[in-house]
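Read off the chains here:
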Amino acid sequence: MSKNFFVKLLVALAFLAAAVFFFLSVLEVEPFTEFSASWAGVIFAGVSGLALLLSSIGTKNSTQLKKLQLTLSTALLVVALVCLVFALALPKNWILPLILILIGVMLVLSILITGGKKWDEGDNHKVGYKNYYQRKAEEEKNKKDQDNQ
């Protein structure tokens with residue numbers, strides 16, 4: 001089984017759990033009477049964001065894919081944070097500073113996870129890279145050396 005299977009399963013189970021808890025709150029089952037759509041959003045978006053974050057840490061994908069996973073993870077965690085603020089009835093002026101803190105943490109994690117590599121870093125940045133003209137001149141030199149032997 002692949003690592004992606006566990007991430008997908010975790011996200012699906014989080015969605016199922018949030019939906020079941022929300023349905024139980026609609027039915028007014030005693031322990032779930034205080035459960036709301038905000039709490040369902042916290043569960044689903046939070047677990048999905050953390051799953052994507054852990055997936056980007058654990059895989060050896062390209063830098064672009066890791067940055068995409070980190071961006072989606074940040075978006076889901078921001079949604080979870082906003083849902084949490086509404087679920088706990090916290091002051092609304094806490095939302096922006098908390099979002100900025102979360103984005104700052106994700107930027108630091110982005111640098112640590114990707115190793116600071118740029119997404120478009122090509123072969124020409126590697127040590128010993130030869131451009132087309134250098135390779136062509138080397139091929140002609142090798143060809144002349146072979147002809148002389």
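Below: a short report on this structure. Every chain is numbered independently, its residues counted from 1 as its sequence is written. In keeping with the predicted nature of the model, local features appear solely for residues at pLDDT of at least 70, side-chain atom pairs appear and are counted solely at 80 or more, and the whole-chain, interface and lining totals rest on all residues. Hydrogen atoms and water are omitted, and side-chain values are computed over all heavy atoms in the structure.

1. Structural notes on the side chain of S56
Thinking step 1. With respect to the element layout, S56 can be found in helix α2 (residues 37–58).
Thinking step 2. Within the local environment of S56, its side chain forms a polar contact with the backbone oxygen of L53, the two atoms lying 2.8 Å apart.
Thinking step 3. Sequence-distant contacts of S56, that is, excluding residues within four places in its chain, are made with K66, Q69, L70 and I113. A run of DSSP states H or I qualifies as a helix once it reaches four residues; a run of E qualifies as a strand once it reaches two. Both are numbered from the N-terminal end. Polar contact is defined as a pair of N or O atoms within 3.5 Å, subject to the rule that within protein one atom must be able to donate a hydrogen and the other to accept it, and that residues adjacent in sequence are counted only when both atoms are side-chain atoms. Residues count as neighbours in contact if any of their non-hydrogen atoms are within 4.5 Å of one another.

2. Focus: the packing of helix α3 (residues 63–87) against helix α4 (residues 95–114)
Thinking step 1. Angles here are taken between N-to-C directions and fall from 0 to 180 degrees, while the axes themselves are lines fitted to C-alpha atoms, restricted in helices to the stretch in contact. The N-to-C vectors of α3 and α4 enclose an angle of 160°; their axes lie 10 Å apart at closest approach. Relative to α4, the element α3 is oriented roughly antiparallel. Two packed elements cross with a definite hand, and for α3 against α4 that hand is right-handed. Mapping the contact onto sequence places T63, K66, K67, L70, S73, T74, L77, V78, L81, V82, V85 and F86 in α3 and I95, L98, I99, L102, I103, M106, S110, I113 and T114 in α4.
Thinking step 2. Amino acids outside the nonpolar list (Ala, Val, Leu, Ile, Met, Phe, Trp, Tyr, Cys, Pro) and the charged list (Asp, Glu, Lys, Arg) are all regarded as polar, and Gly is one of them. Among the residues forming the contact of α3 with α4, the class breakdown is 14 nonpolar, five polar and two charged. Our angle categories are set so that under 35 degrees counts as roughly parallel, over 145 as roughly antiparallel, 65 to 115 as roughly perpendicular, and the remainder as oblique. Two helices cross in a left-handed way if the nearer one is turned anticlockwise from the farther one by less than a right angle. They cross in a right-handed way if the turn is clockwise.

3. Quick notes on the pattern of salt bridges
Close approach of charged atoms allows side chains with opposite charge to pair.
Thinking step 1. Salt bridge, as used here, is a side-chain nitrogen of Lys or Arg placed within 4 Å of a carboxyl oxygen of Asp or Glu. Throughout the structure, instances matching the rule amount to one salt bridge.
Thinking step 2. Two residues, K130 and E138, come together in a salt bridge whose shortest N-O distance is 2.4 Å.

4. Some thoughts on α4
Counting along an α-helix, one turn takes 3.6 residues, and residues three or four places apart therefore face a common direction.
Thinking step 1. Here, expected helix span is obtained from the residue count minus one, scaled by 1.5 Å. Taking 1.5 Å per residue as the helical rise, α4 with its 20 residues ought to reach 28 Å, and the 28 Å between its terminal C-alpha atoms agrees with that figure.
Thinking step 2. Classification of residues uses two cut-offs on accessible area relative to the type maximum, computed with a 1.4 Å probe and protein chains only: under 20% is buried, over 50% is exposed, and between them is partly exposed. Inspection of α4 places I95, I99, L102, M106, S110, I113 and T114 among the buried residues, and these make up the whole buried set. Looking down the long axis of α4, one finds its buried residues gathered within 85° of arc, a one-sided arrangement. Turned more than 90 degrees off the buried face of α4, the exposed positions are L100, I101, L107, I111 and L112.
Thinking step 3. Turning to α4, the residues buried within the fold contact α2 and α3.
Thinking step 4. Taken from the residues just after α4, G115 is the one with a positive phi, measuring 75°. As used here, the arc belongs to the directions running from the helix axis to the C-beta atoms.

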